[in-house]
Amino acid sequence: MQLAIDEARQALGRTSPNPAVGAVIVRDGEIVGRGHTQPPGGAHAEVMALRAAGAAAGGATVYCTLEPCAHFGRTPPCTDALIAAGVSAVYYAIDDPDAQVGGRGRRALEAAGISVTVGDGADEVNVVLAGYLKHRRTGLPLVVVKYAASLDGRIAAASGDSRWVSGPETLEWAHRERQYLDAIVVGSGTVVADDPTLTARPGGTTEGVHQPLRVVVDSRGRTPAHAKVLTGPSSTLIATADGSAPAWRAAMTARGAEVVVLPTLPGADGAAHVDLAALLGELGRRGVLVALFEGGGVLLGSLFDARLVDRVYAVLAPLIVGAVRAPAAVAGRGAERMSDAVRLHDVTVERLGEDTLISGVPVWPDATSDGRD
């Protein structure tokens with residue numbers, strides 16, 4: 001099963017809105033086929049593995065990360081292919097929550113006399129497919145927050161200079177991880193201050209690399225026409241509010257971006273900001289399974305205030321800024337008391353050169369608790 005999970009990881013970011021699935025076929029103790037889901041319209045993992053196995057699939061055991069599909073979509077059911085190949089047993093990690101599957105795959109295989117076992121590798125697959133699982137259950141993407149900050153929580157100096165807070169190892173890690181995403185989201189302040197391209201460049205190149213959708217949250221129309229995020233190999237979506245200038249929207253469209261006008265909510269500063277829940281709904285409708293929010297602090301603060309964050313990646317660099325005017329990694333209304341602070345669980349710690357990567361899942365404080373129980 002671990003090899004099947006490794007195959008699934010290779011497909012992350014490339015299959016949405018379909019799940020990134022891996023499959024391995026074993027016969028007489030030898031691997032005879034393996035594969036992962038191809039981009040939409042292409043073959044699913046089980047079919048790719050069956051093609052690799054050929055006639056050796058007869059009587060073999062199949063390991064796959066997700067329940068095989070039993071319905072016609074862009075491709076025929078995987079259960080039909082497994083039955084036709086004559087496999088003897090199927091092990092899969094987790095059931096598929098998609099309404100078109102939901103146990104139908106298992107029942108179809110068992111009805112054909114194929115032994116089915118569920119649960120092997122479930123914990124790890126639940127992490128790998130977290131975006132797909134959330135999307136199928138809620139219609140919304142998994143929201144991942146990432147930021148790099150000094151030891152005192154600053155993402156830039158007092159002047160706004162932010163190059164570079166973290167080291168080269170963190171930068172390479174970030175570019176490597178971007179290729180497995182569906183969307184990367186920043187606020188207009190980040191675009192104005194840093195002029196990022198928001199592309200995936202592992203090893204310094206975009207050639208042959210999957211590129212996520214680039215999303216700029218720009219309530220007031222601040223993105224300049226010369227911004228790098230409007231160029232390059234991937235698409236750009238600008239989420240704005242009704243109050244932004246029509247001429248600016250037309251300029252963004254002329255530069256190749258897609259502009260969508262969304263509802264607003266009052267932010268911590270009292271101004272109207274794009275409703276981030278509405279933005280997530282829009283991304284979910286577009287088939288985005290995992291959206292990475294990279295900042296700045298106002299955008300991330302709004303996400304935390306609305307309790308919309310599913311996972312946090314915080315990179316701490318070994319430097320201290322110390323300036324009261326330096327922007328914080330997470331702004332917003334925040335916590336009035338320590339008992340109101342968001343804590344992380346399932347925490348992992350990893351070194352990236354001289355930087356430290358801390359990741360975890362937010363635990364939202366109970367509004368009725370005094371924090372002592």
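What counts, and where the lines are drawn
- Residues numbered from 1 in each chain as written.
- Predicted model: local features only at pLDDT ≥ 70, side-chain atom pairs only at ≥ 80, totals over all residues.
- Heavy atoms only, no water.
- Pairing = 2+ DSSP bridges.
- Helix = DSSP H or I, 4+ residues; strand = E, 2+ residues; numbered from the N terminus.
- Axes fitted to C-alpha atoms, helices over the stretch in contact; angles between N-to-C directions.
- Contact = heavy atoms within 4.5 Å.
- Core = buried A, V, L, I, M, F, W, Y, C linked by side-chain atoms within 4.5 Å.
- Buried < 20%, exposed > 50% of the residue type's maximum accessible area, 1.4 Å probe, protein only.
- Polar contact = N/O pair within 3.5 Å; in protein donor to acceptor, adjacent residues only side chain to side chain.

**Notes on the sheet that holds strand S7 (residues 183-187)**
Alright, step 1. Strand order in this open sheet of nine strands is S10-S9-S8-S7-S13-S6-S14-S16-S15, and the pairing throughout is mixed. Among the strands making up the open sheet, the edge pair consists of strand S10 (258-261) and strand S15 (343-352). Averaged over all pairs of adjacent strands, the angle between strand axes in this sheet comes to 20 degrees, irrespective of strand direction.

**Let's talk about the sheet that holds strand S5 (residues 115-118)**
Alright, step 1. An order of S2-S1-S3-S4-S5 is seen for the five strands of this open sheet, with the pairing classed as mixed. Both edges of this open sheet fall to strand S2 (30-36) and S5, since each of them pairs with a single strand only. Between one strand axis and the next, the sheet turns through 15 degrees on average, direction left out of account.
Alright, step 2. Taken together, the four bridges between strand S4 (residues 89-94) and S5 define a ladder with parallel strand orientation. Its bridge partner lying in S5, Tyr-91 is registered against Thr-117.
Alright, step 3. Against the sheet, helix H2 (residues 45-53) touches strand S1 (22-27), S2 and strand S3 (61-66), its axis set at about 140 degrees to S2.

**Some words on the pairing of strand S14 (residues 311-316)**
Alright, step 1. As paired elements, strand S6 (residues 142-149) and S14 share six bridges and run parallel to each other. Pairing of Ala-149 across the sheet is with Leu-316, part of S14.
Alright, step 2. Here five bridges tie S14 to strand S16 (residues 355-363), and the two strands are oriented antiparallel to one another. Bridging across to S16, Ala-314 finds its partner in Ile-358.

**A short note on the nonpolar core**
Alright, step 1. Formed by 50 residues in total, the largest nonpolar core has its most connected members in Val-90 and Ile-94.
Alright, step 2. Contacts of Ile-94, omitting those with residues within four sequence positions, involve Thr-65, Leu-66, Glu-67, Ala-122, Val-125, Asn-126, Leu-129 and Leu-133.
Alright, step 3. Grouped together as the second largest cluster of nonpolar side chains are 30 residues, Tyr-147, Ala-183, Val-217 and Val-288 included.

**Some words on the environment of Arg-333**
Alright, step 1. Mapped onto the elements of the fold, Arg-333 is located in the loop between S14 and S15.
Alright, step 2. Residue contacts for Arg-333: discarding those within four places in its chain leaves Pro-266, Gly-267, Ala-268 and Asp-305.
Alright, step 3. Among the polar contacts listed, one links the side chain of Arg-333 to the backbone oxygen of Gly-267, at a separation of 3.3 Å.

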